[in-house]
Amino acid sequence: MDRSALGEFEHIVLLAILRLSDEAYAPAILAELEHRTSRAVSAGSMYVTLDRLQDKGFIRSRFADAGDARGGRPRRYVSVTAAGLKKLRASRESLFNLWTGLEAILDR
Amino acid sequence: LTGEPPGIAEWIVRTAAAESAFGSSLVGDLCEGYERRGRQSRAGAEWWYWRQAISIGFHFGLSRIARPGIVRDTAYAARRLIEAPLFTGVVVITLALGIGANTAILQLIDNFYLRKLPVPSPDRIVGIYSIDARLRSENPLGGGEFSSADVFRRLQRANLRGLTSLASYSMEHVQGSGDLGGDPLWSAVISGAYFETLGITAQRGRLIRGDEADSPGDSPVVVISDRLWREKFGADEGVVGRAVGIGRGTFTIIGVAPSNFTGLHPEGRTDIWIPGGMVAVATNAAATAKHANPVVIFGRLAKAAPTASVQADCDNFVRDLAESDVRAFQHFGLLVHVRDRLTSYEASPTGVHLFVVLWIMVALLHLAACTNVASLMLARASARRREIGIRLCLGASRGDILRLSLLEAALLALVGAMGGVLVARWLATLIGQMQFLSASIWTFDARMSALVAIVTALTIFQFGLLPALESARNEPLTIARGVPAAARRIRDRSEMVVVVQVAISVALLANAAAFVGLYRRQSTSDPGYDVSHTAVVRFSESGAVASHTDRDARHDSLVRQALRIPGVRLVSAAVGAPLFDTRWQGEVNVSGSQLAESPHETALQAIGPGYFATIGARISAGREFDDRDRASSKSARGDFDVAIVNEMLARRLFDGNALGKRIQLGRGKPATIVGVVRDMRDVSSVGDVPRAYFPLLESTFDEFDLIIRTSGEDKSEADRIRQSMGRGGDGAPPIVRTLAEVRDGPMSMSRATGTGLTGAAAIALFLMAIGIFGIVSIAAARRRGELAIRIALGAPTRTVHALLLKAIGRLIGFGAIVGVVCAFAIIQLERSWLGPVLAPEPLSSGIAAGGLLLVIGIAGFVPSRRATRRPPADVLRSV
């Protein structure tokens, strides 16, 4: 099995990071996911996914200033790497291939 | 600002995310979210934080377990265990036995007391119990004008608004024939709405309908239990429609009950359900006879109806009854309880106590076995110290080492748990063969799996954690160099194991000695009457609602009939044999005085003329009841004119001089004391208790046993009585038991517990012996060079023995003190259940102490002797 394959949840987390652009840090990603997918997302699964995406090299992170409300702990902003973008494109490609030709059934 | 997030939740977050790249920012993110939510509501923010903490703890915990290293480590641990098959085998068998035995006992407790009945909405099933309002307790004898069957019939006509349906059952032993031949079947004789009230459906065929159950004599249908279907019919799919013989009738099997339903009766699994109208046919009794066994009434609450509303309806019903017939129902009451389980602590506290004693015993044994396994694991940890040292030097964290050791323990426990399930199943089958425990059924469901998992987790904790911590504590460089720096600590741990084992053995031995002592006292003490040549006759068919005159006439006729039997010397009647705990207790007070604030509970018994002469008890003053002591009319029944008290009650109420004084039962009419009898002991409570006796023929009891004194051999006389008394009656032959047999019933509790505890103590001693053997062997091996030099220089052998055994003497002494303290505490606890009769007894305690010393001596001496017998030169060459 390809260990660098994208899972469904990893896929949507990457998309949410791309949408948030420079503002992508964990609580914002969580809010974006819940807003766009209309489903509750658990914080635990998202942090584990961020760890995994970073291990796979699909995202990188940088520290930013700690706010007053964070007990002196820095924010960690994430952005999608070139490898991550490439993976997303490939994933979109394969999904498009699968979608093509199903309009007649799905639009009924 | 809202302040800090909840401390424990924050700790969970920090610990769980410690290895995450997002660790510190994650804590900050949550802090930020907490602050934001806290501005609106502090409670809301805390609730949110806790949810996040649990989610993060769960996900990071899972991801840590699932990481690749764990698979490699598990495979490594499994390989190491396979390489040591003897060690693995011994440990797995020990754990399987322990886990299995604990699971089986906990399952019994669960089945009887915790598990809900396997019916829809069991919380809505309520029991309605007849009580004697005067005694303020359930009257198990069902005495009085009212019978439970009669009460049920009246209740059916009453308007109990809180119930959607009302049903009843009574238990009867019936004899099957043909496919159902063999042992008598335990049968539930049910009223129409029985299955409808429970809301269950048949697994095959159908269940008995209301119209079938209530129409007398014309619905010969039967529902059989799942067990009977499997055992007698080999789970034949075509069983429905088959004809079987029960009693003197032929019944058609219409269905098989659900497999998880063993009936509502806790004292034994129900085999068959038959319609109430068919009871006479099934029990082989005359059609006119009314079955005497008490009827248990239950109903289903309407949705949202509280139990209190049914109780209020029942109270109104009782009030109406009392108004309609003051004499018959003046002491009658009804009690409504939720009946969602097989039984409850309130219904059967003794059962809970016995189960708990049994479980403590098994748990202690399991603990002893686990300490031995821990000792073996410690020895393995010591053997692996070089490997662990190298791992630590190469950068393995202490957590990794701990995990590796715990994995090995977890693997052993997992295999042990699988074996444990098999052992538990086997034990459950054995337990199911005991009639009074057969209502418990073995089911391997989520609940059982959780039980096994909990027992297994505790087991791992008991035997795995200590050696694992020991491994992880090693100093890397010293042990990698092969310096046994941890050897001393490992020896210390082994010594602790021996202390625990000695303590457990002493506790079990002392407990066993107390129960064996109790049995010895029970079997040898003078109960205050003559056990030999006395038989108790119990009639199964007696007409529970016979009228007062019938009762007296029947008494006189039965006494005359018994006296005609050759070899019979004296005959009397009583409610309950002298050795039975009749459970009839009440408040007896000096007549005319105010009711005491805390009145004495007195054991009560209703007895016929000549009772004390028949059982060979001595009257110390006055006379016993005779033919004069009978109610003059129906209206006078229940009001006692005369009474007899035992010496203890006489002392308590009148300083011993009781003759001619008057006592009062509850708020009843005063009765004159005409006799004082010597204190007698029923076996269930060997200590003397205050007792009062009232004339059976003045009482409202319709049921009674005949007590017969014979001159010949007990056993053959009993057979002769059974044959003679059965002839001419319209019911089944009576049950005749000798008084010695009756006594053996309650005595079997102390005998069985004593035997069980002695067996458990023997196993504990064996385990302890292995522990001591190991310690002395290790000491002898470690000091073999020094000992060889001493022997070579001419030290006497006994000095060498003393050197080796001195060290364990201290441990054994300490363990024994801990054990005695534990034993004292356990026996105190058991005394609070069983009464002061349970006490250490010199002879059994002496034998137990002797046995303990002997085992310790052998276990210590054998390895010590082996160490001194090897020629010193050989030993020194090998050091």
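Worth saying up front: this structure is predicted, and the values here are computed from it rather than measured.

Draft legend 1. Spatial organisation of the overall build of chain B. What chain B contains, in helices and strands, is 27 helices and 23 strands. Across the 879 residues that make up chain B, the buried fraction comes to 50%. For chain B, the proportion of contacts with a sequence separation of at least 24, taken over those separated by at least 6, is 80%. Surface summary for chain B: the accessible area is close to 39,300 Å², and the carbon and sulfur share equals 60%.

Draft legend 2. Geometry of the pairing of strand β7 (residues 221-224) of chain B. Residues and elements named next belong to chain B. Judged by which residues are buried, β7 turns out to be covered on both faces: V221 and V223 on one side and V222 and I224 on the other are all buried. Sheet topology note: the β7/strand β9 (residues 249-256) ladder contains four bridges and is parallel. Considered in β9, the bridge of V221 is made with T252. The sheet contact formed by β7 and strand β10 (residues 272-275) spans two bridges and is antiparallel. Each bridged residue has a counterpart across the sheet, and for V223 the counterpart in β10 is W273.

Draft legend 3. Just the nonpolar core, in detail. Core analysis: the biggest nonpolar cluster contains 43 residues, and Y194, F195, L198, I208, F261 and W273 of chain B have the highest contact counts within it. Sorting the residues of this core by element identifies α5 (85-114), β3 (163-174), β5 (185-190), α7 (194-198), β7, α13 (349-383) and α15 (398-432) of chain B as the ones contributing at least two each. Listed in part, the 39 residues of the second largest apolar core include Y47 and V80 of chain A together with V27 and L30 of chain B.

Draft legend 4. Focus on the pattern of salt bridges. All names here are of chain B. Scanning the entire structure with this criterion turns up 29 salt bridges over all chains. The partner of R204 in a salt bridge is E237, and the shortest N-O contact between them spans 2.8 Å. With R204 in strand β6 (residues 204-205) and E237 in the loop between α9 (226-233) and β8 (243-246), this residue pair connects regions lying 33 residues apart in the sequence. For E237, a relative accessible area of 54% corresponds to the exposed category. Among the salt bridges present, the one from E231 reaches R227, with a minimum N-O distance of 2.9 Å. Linking E231 with R227, this pair stays in helix α9, spanning four residues, or about one helical turn.

Draft legend 5. Local environment of a nonpolar patch on the surface. Residues and elements named next belong to chain A. A grouping of L95, F96, L98, W99, L102, I105 and L106 is seen on the molecular surface, where their side chains present a nonpolar patch of about 730 Å² in accessible area. Listed by contribution, the elements that provide at least two residues to the nonpolar patch are α4 (82-99) and α5 (103-106). With respect to the secondary-structure elements, I105 resides in helix α5. A residue is classified by how much of its surface remains accessible, and I105, at 51% relative accessible area, is exposed.

Draft legend 6. Structural view of helix α24 (residues 784-792) of chain B. Residue and element names in this part refer to chain B. Along α24, the positions that sit buried rather than exposed are G785, L787 and A788. Along the axis of α24, the buried positions cluster into a sector of 165 degrees, meaning they face one direction only. Note on α24: the residue one or two positions beyond its end, G794, has a positive phi of about 100 degrees.

Draft legend 7. Spotlight on the packing of helix α2 (residues 26-37) of chain A against helix α3 (residues 43-56) of chain A. All names here are of chain A. The geometry of α2 relative to α3 is characterised by a closest axis approach of 11 Å and an angle of 115 degrees between their N-to-C directions. The handedness of the crossing between α2 and α3 comes out as right-handed. Together, A26, P27, I29, L30 and L33 of α2 and A43, M46, Y47 and L50 of α3 make up the contact between the two elements.

Draft legend 8. Region of interest: the interface of chain B and chain A. Contacts between the two partners involve 19 residues from chain B, matched on the other side by 21 residues from chain A. Between chain B and chain A, a total of about 1,800 Å² is buried, with carbon and sulfur atoms accounting for 61% of that surface. When the buried area of chain B at its contact with chain A is split by residue, F22, D29 and E32 of chain B rank highest and sum to 35% of it. Summed over the shared surface of chain B and chain A, the number is two salt bridges. Residue R73 of chain A is joined to E10 of chain B by a salt bridge in which the shortest nitrogen-to-oxygen separation is 3.7 Å. Among the secondary structure elements, those contributing two or more residues to the side of chain B that touches chain A are α2 (23-38) and α3 (42-65) of chain B. With nine residues, α2 of chain B is the single largest residue contributor to the side of chain B that touches chain A.

Draft legend 9. Expanded view of the layout of surface pockets. All names here are of chain B. The computed volume of the second largest pocket comes to approximately 990 Å³. Lining the second largest pocket we find 36 residues, and of these R227, E231, R269, G432 and S438 sit closest to its centre. Elements supplying a minimum of two residues to the lining of the second largest pocket: α5, β5, α9 and α15. In terms of residue count, the dominant contributor to the lining of the second largest pocket is α9 (six residues). For the lining of the second largest pocket, a count of residues per class yields 13 nonpolar, 14 polar and nine charged.

Draft legend 10. Local environment of the side chain of D51 of chain A. Looking at the secondary structure, you find D51 of chain A in helix α3. For D51 of chain A, which is buried and forms no salt bridge, the nearest opposite charge comes from R76 of chain A, at a distance of 7.5 Å. Sequence-distant contacts of D51 of chain A, that is, excluding residues within four places in its chain, are made with S20, A21, F22 and F60 of chain B.

Draft legend 11. How the structure looks around the environment of S45 of chain A. Locating S45 of chain A in the fold gives a position in helix α3. Counting along the chain gives 36 residues from S45 of chain A to F9 of chain A, while the straight-line C-alpha distance between them is 9.1 Å. Non-local contacts of S45 of chain A, meaning those with residues more than four positions away in its chain, are made with F9 of chain A together with S55 and H59 of chain B. Within the local environment of S45 of chain A, its side chain forms a polar contact with the backbone oxygen of S42 of chain A, the two atoms lying 2.9 Å apart.

Draft legend 12. Focus on the packing of helix α14 (residues 385-393) of chain B against α15 of chain B. Residues and elements named next belong to chain B. Direction vectors running N to C along α14 and α15 enclose 145 degrees, while the axes themselves pass 10 Å from each other. The two elements α14 and α15 cross, and the hand of that crossing is right-handed. Counting all contacts with α14, which are made through I388, R391 and L392, the residues of α15 involved are R398, I401 and L404.

Draft legend 13. Focus on the environment of E35 of chain B. Looking at the secondary structure, you find E35 of chain B in helix α2. Considering only alpha carbons, one finds E35 of chain B and E4 of chain B, 31 residues apart in sequence, at a separation of 8.7 Å.

Draft legend 14. Up close: the environment of T371 of chain B. All names here are of chain B. Along the polypeptide, T371 turns up in helix α13. On the basis of relative accessible area, T371 is assigned to the buried category, the value being 10%. Sequence separation of T371 and G771 is 400 residues, and the distance between their C-alpha atoms is 8.7 Å. Setting aside anything within four residues of it in sequence, one finds T371 in contact with V497, V500 and Q501.

Cut-offs and rules
- Numbering of residues starts from 1 in every chain and runs along the sequence as written.
- In the order they appear in the text, chains get letters beginning with A and ligands get numbers beginning with 1.
- Under the rules for a predicted model, residues below a pLDDT of 70 receive no local features and side-chain atom pairs below 80 are neither given nor counted, while totals for whole chains, interfaces and linings still include all residues.
- Each side-chain value is derived from all of the structure's non-hydrogen atoms; neither hydrogens nor water enter the calculation.
- Helix and strand definitions follow DSSP, with helices as H or I runs of at least four residues and strands as E runs of at least two, each counted in order from the N terminus.
- Each residue is assigned to one of three classes by its accessible area relative to the maximum for its type, calculated with a 1.4 Å probe on protein chains only: buried under 20%, partly exposed between the two thresholds, exposed over 50%.
- Two residues form a contact once any of their heavy atoms are found within 4.5 Å.
- Working definition of accessibility: Shrake-Rupley area with a 1.4 Å probe, residue cover restricted to the visible protein chains.
- The pairing criterion is simple: DSSP has to find at least two bridges between the two strands.
- Throughout this description, the term nonpolar core refers to a set of buried Ala, Val, Leu, Ile, Met, Phe, Trp, Tyr and Cys residues connected via side-chain atoms within 4.5 Å.
- Here, a salt bridge means any side-chain nitrogen of Lys or Arg that lies within 4 Å of a carboxyl oxygen of Asp or Glu.
- Residues with no salt bridge and a relative accessible area higher than 30% make up the patches, which join like charges within 9 Å and nonpolar side chains (Val, Leu, Ile, Met, Phe, Trp, Tyr) within 5 Å.
- The directions from the helix axis to the C-beta atoms are what the arc is built from.
- Fitted lines through C-alpha atoms serve as axes, helices being fitted only where they are in contact, and the angles separating the N-to-C directions of these axes extend from 0 to 180 degrees.
- Each crossing is labelled by how the near helix is turned from the far one, with a counterclockwise turn of less than a right angle marking it left-handed and a clockwise turn marking it right-handed.
- Values labelled buried area give the accessible surface lost by two parts on being combined, using a 1.4 Å probe and summing over both.
- A cavity here means a set of points on a 1 Å grid, drawn over the protein atoms and nothing else, where a 1.4 Å probe fits but cannot get out; a pocket is an open set with protein on both sides within 12 Å along at least five of seven lines, and a residue lines either one if it has an atom within 4 Å of a point.
- Grid points are joined across faces, edges and corners, and a volume is the space filled by probe spheres set on the points.
- Ten residue types, Ala, Val, Leu, Ile, Met, Phe, Trp, Tyr, Cys and Pro, are classed as nonpolar, four, Asp, Glu, Lys and Arg, as charged, and the remainder, Gly among them, as polar.
- Lys and Arg are tallied as positive, Asp and Glu as negative. Neither His nor the chain termini are counted.
- Any N or O atom pair separated by 3.5 Å or less is treated as a polar contact, with the protein-specific requirement of one donor-capable and one acceptor-capable atom, and with residues adjacent in sequence counted only for side-chain atom pairs.

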